[in-house]
Amino acid sequence: MSGMITLYQYWHSYWLSTDIPVLAKSLLLNRNVKGTKPLQSYRSQLFVIFVIFSVLIITFVVSVINFWSDDDQYVQPLHAIIKSKDDFTMKNKEYFDRCAPIVSCDYNDKYRTSNGTCNNPNNPIWGSSNTPFIRLVDAHYSDGISKLRTSFDGKLLPSAREIQVKLFLNKQTRIPDKHNQLLMQWGQFMAHDVSNLAIDTNGEDCCTYKNETQISSACEATIEIPIDDPVYSKYNSTCMKFNRAMTSNNYNCPLQPLTFINDASHFIDGSQIYGSNDYVVSTLRSFTGGTLISVLENSQEFCPHSSFKSSDTNKYFYQSGDLRANWNLGIALFHNMFLRFHNFVAFKLKTVNALWSDEKLYQESRRFVGAIVQHITYTQFLPIILGENYTKDEVLSSNNKYDTTVNPSTSQEFSTGAFRVLHNIVPAQHRFIDSNSTTVKIVNVTDWMNFPYLLQQGSNYDHLLRGLLSTEGRMSQPSYNPLISNLMFYSNNSIGVDLLSYDIQRGRDTGLPPYNKMRELCGLPVAKSFSDLIDVLPTDDIYNLETLYSSVDDIDFIVGALLETPENDALVGNTSRCIIGDFFYRSRVGDRFFYDNEGQSGQFSKYQLEVLKSINLDHIICATSFVDNLQKNIFTKVDNGWYSSMKWSCSEKYMIDFKPWEEELYD
Ligand code: HEM
Ligand SMILES: [Ca+2]
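Rules and cut-offs
- Residues numbered from 1 in each chain as written.
- Chains lettered and ligands numbered in written order.
- Predicted model: local features only at pLDDT ≥ 70, side-chain atom pairs only at ≥ 80, totals over all residues.
- Helix = DSSP H or I, 4+ residues; strand = E, 2+ residues; numbered from the N terminus.
- Buried ≥ 20, exposed ≤ 12 C-beta atoms within 10 Å, placed from the backbone.
- Contact = placed C-beta atoms within 7 Å.
- pLDDT = per-residue confidence, 0-100.
- Near = placed C-beta within 6 Å.
- Nonpolar A, V, L, I, M, F, W, Y, C, P; charged D, E, K, R; others polar.
- Pairing = 2+ DSSP bridges.
- Core = buried A, V, L, I, M, F, W, Y, C linked by C-beta atoms within 7 Å.
- Axes fitted to C-alpha atoms, helices over the stretch in contact; angles between N-to-C directions.
- Parallel < 35°, antiparallel > 145°, perpendicular 65-115°, else oblique.
- Left-handed = near helix turned anticlockwise from the far one by under 90°.

(A) Seen up close, the overall build of the chain. Scanning the chain from N- to C-terminus turns up 23 helices and twelve strands. Counting only residues that meet the buried cut, the chain has 44% of its 667 residues in that class. If you take every contact in the chain between residues at least 6 apart in sequence, the share linking residues at least 24 apart comes to 72%.

(B) Seen up close, the confidence of the model for the chain. Mean pLDDT over the chain stands at 87; residues scoring 70 or higher make up 83%. Residue range residues 1-39 is modelled with pLDDT below 50. Its contacts to residues more than four positions away, or to other chains, number 20 contacts. Confidence drops under pLDDT 50 across residues 62-76; counting only partners more than four residues distant or on other chains, this segment forms five contacts. The ipTM assigned to the predicted complex is 0.99, against a pTM of 0.88.

(C) Looking closely at the site of ligand 1. Around ligand 1, the structure places 22 residues, and the nearest of them are G187, Q188, A191, S195 and L422. Breaking the shell around ligand 1 down by element, the ones donating at least two residues are α7 (181-194) and α16 (499-509). Here the element with the most residues in the shell around ligand 1 is α7; it accounts for four residues. Within the shell around ligand 1, the residues separate by chemical class into twelve nonpolar, eight polar and two charged.

(D) How the structure looks around the pairing of strand β9 (residues 429-433). Bridging between β9 and strand β10 (residues 439-444) involves five bridges; their strand directions are antiparallel. Paired with F432 across the bridge in β10 is K441. Hairpin connection between β9 and β10: a loop of five residues separates the two successive antiparallel strands, and S437 in this loop has a positive phi of roughly 65°.

(E) Seen up close, unusual backbone geometry. A cis amide bond, omega -10°, links Q256 with the succeeding residue P257. Examined against the element boundaries, P257 turns out to sit in the loop between β3 (239-240) and β4 (261-262). Notably, N252 is not glycine yet its phi reads approximately 60°, a positive angle. Tracing the backbone through its elements, the reader meets N252 in the loop between β3 and β4. With 7 C-beta atoms packed within 10 Å, N252 lands in the exposed category. Of note in the backbone geometry, F489 takes a positive phi value of approximately 60° without being a glycine.

(F) Representation of the environment of Q319 in the model. As for its position among the elements, Q319 is in the loop between β8 (316-318) and α11 (329-352). C-beta crowding within 10 Å serves as the criterion here: with 20 such atoms nearby, Q319 is assigned to the buried category. In contact with Q319, not counting residues within four places along its chain, are L284, C303, P304, H305 and S306.

(G) Region of the structure containing the nonpolar core. By size, the foremost hydrophobic cluster in this structure holds 133 residues, and its most contacted members are L333, V369, I385, V421, L464, V559 and I580. Here this core takes 14 residues from helix α12 (residues 358-386), the largest share from any one element. The contact partners of V369, leaving out residues within four places of it in the chain, are G270, I273, F338, F341, H342 and V345. Counting residues in hydrophobic clusters, the runner-up holds six residues, among them I134, L258, F260 and I261.

(H) Fine view of helix α22 (residues 617-624). With seven of eight residues buried, α22 lies mostly within the body of the structure. Listed in full, the buried residues belonging to α22 are L617, D618, H619, I620, I621, C622 and T624. Packing partners of the buried residues in α22 comprise α11, α12, α15 (460-470), β11 (629-630) and α23 (650-653).

(I) Region of the structure containing the packing of helix α13 (residues 388-395) against helix α20 (residues 574-589). Close contact between α13 and α20 brings their axes to 10 Å; oriented N to C, the two are set at 45°. Relative to α20, the element α13 is oriented oblique. Along this stretch, α13 crosses α20, giving a crossing that reads as right-handed. Facing Y390, E394 and V395 of α13, the residues of α20 in contact are R577, G581, F584 and Y585. Across the contact of α13 with α20, the residue classes break down as four nonpolar, one polar and two charged.

This is how it looks when you write it as structure tokens:
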């Protein structure tokens, strides 16, 4: 009875007379309120129970709402799917057990090594150059080891060129794109930072060897051209030369099934600018003032030259951290831009730290540039490629914590498959635009492959840069432009090759799993018949696929990925987005030196990070060219709305503050 009274008294006094702020204060301070009656202790306990009970109910209601509102069943936490499928620490185990070099590391060092070793304290080789790509799915070869995949019923797969002709070649759409050509160029620059698959060429022309009995293994995979090919039949050509990629066997590490080696450091660290090993790095450094070697022409800085095969001394290749710098004019421009930017940063750091040595200036500048390359990729580039929300929720999730269990290596599926889908935004032509906004020249991309010297003549560097900035990009679509689809690397002696045929054949060469396997990995339902592809592929493409492949399980990954309808605000479809997203997630969380990872030896100070985060590609363009005003959204041709015609001027908007790098001197 006394207990009843007590309870009644409690409720009565609680609702009618308790001073709630006083009670809350007592709970917070975990002590009794002065002058309370003996009932007070019960009151506090009941109040705690009441709070806990309420929290439980609210949590339950919120999780029920979340469960029902999760209508996008295919958007799953991709790294969770991929990570749970396999243990990344076991990837390429045989390589690591048998062939990996032994390295000694100083984990207090503030700077990355040139080849990427010593990043992960438990696995110091992870992500370093000359180590294998990782496979997210096991290799697919017809003999389980090295022979190109065949169809499930044992027949040969359709020829890569036949697929190009029947599915893609005539599907050119010219809808104006809101992005400019610079976006594409950043993509290629990024691809070359993280991926370099060496090709086993030896100068052989595989089609000449084709009919000989002793065919070299590098030439096993020449591409058959259909007799009625709309382009090559005019030249009576029935064979497209194709060399297989180098494998670990070429690096003195025989492994089965074939394992492919990345010559670039897998990390996003600007290795295409600096080189992926000590030798290349040292050939590019001037060893004064922390700068890279450059040549001057018309008061402009360019990459140093290496000799050209031609006797004409006015023609040359640029030397840089990546041999592919000369492939096309746009990539050559980017190599020059970043050479200039490195030297600009070195100069500025010297002005705030007059006593810094060449070594210190070089390393600090490289660290600065590497951070900016990451920052641009994650904040300006990826939101356009993968969509804003996907980038935020999937790629940039998990705060800024480095995770030693995450393997940062580039995946085979990313480099030979998903990221190549963006070859579909490579334009056929570039415009050269002068300072009066007049187009002074239009060039075909394929006319200048391996002829980068055009860039250095007159004001061509700035003209091409203006062209990339103000020409609309090729809209993402299920085809490559007709020039790279037929005439890539053409010369006086050869018609040229087809990039899409190469991409399809390279997938088979490197044992990529077929499209259906990649769907499964990324959480899409496995297609049991062609008609099941309707969830992400247009109907007429499904029909055409059925005429080419005998089973839905045969479709090449890049073929399915290229046909997928792009997701919401992304440029790529569901499976490409998943594989690209997976790589960029691991490349961030698995990189101890990632620019905004917290608690690591190479960490930037708070003020340095503030400056770095305020810099974007606009600042780099302003610091390195005569282009002096820029649109507000650097990868967009023009901004929309009434404000659109206005551009921001370099001198007002894009200054970089180097003060946070000034080291205090103590007497
Ligand atoms: C004018 C522009 C471009 C040209 C001429 C070009 C050409 C090529 C060629 C010839 C290959 C090697 C093909 C092979 O033998 O397997 C390649 C590989 C590749 N490309 Fe492109 N590409 C361009 C732009 C891009 C863009 C915009 C991206 C992505 C955003 C990209 C991503 C890749 C990737 C990831 C590889 C594999 C790299 C490796 O592992 O070695 N490329 N490209
Ligand atoms: Ca790299």
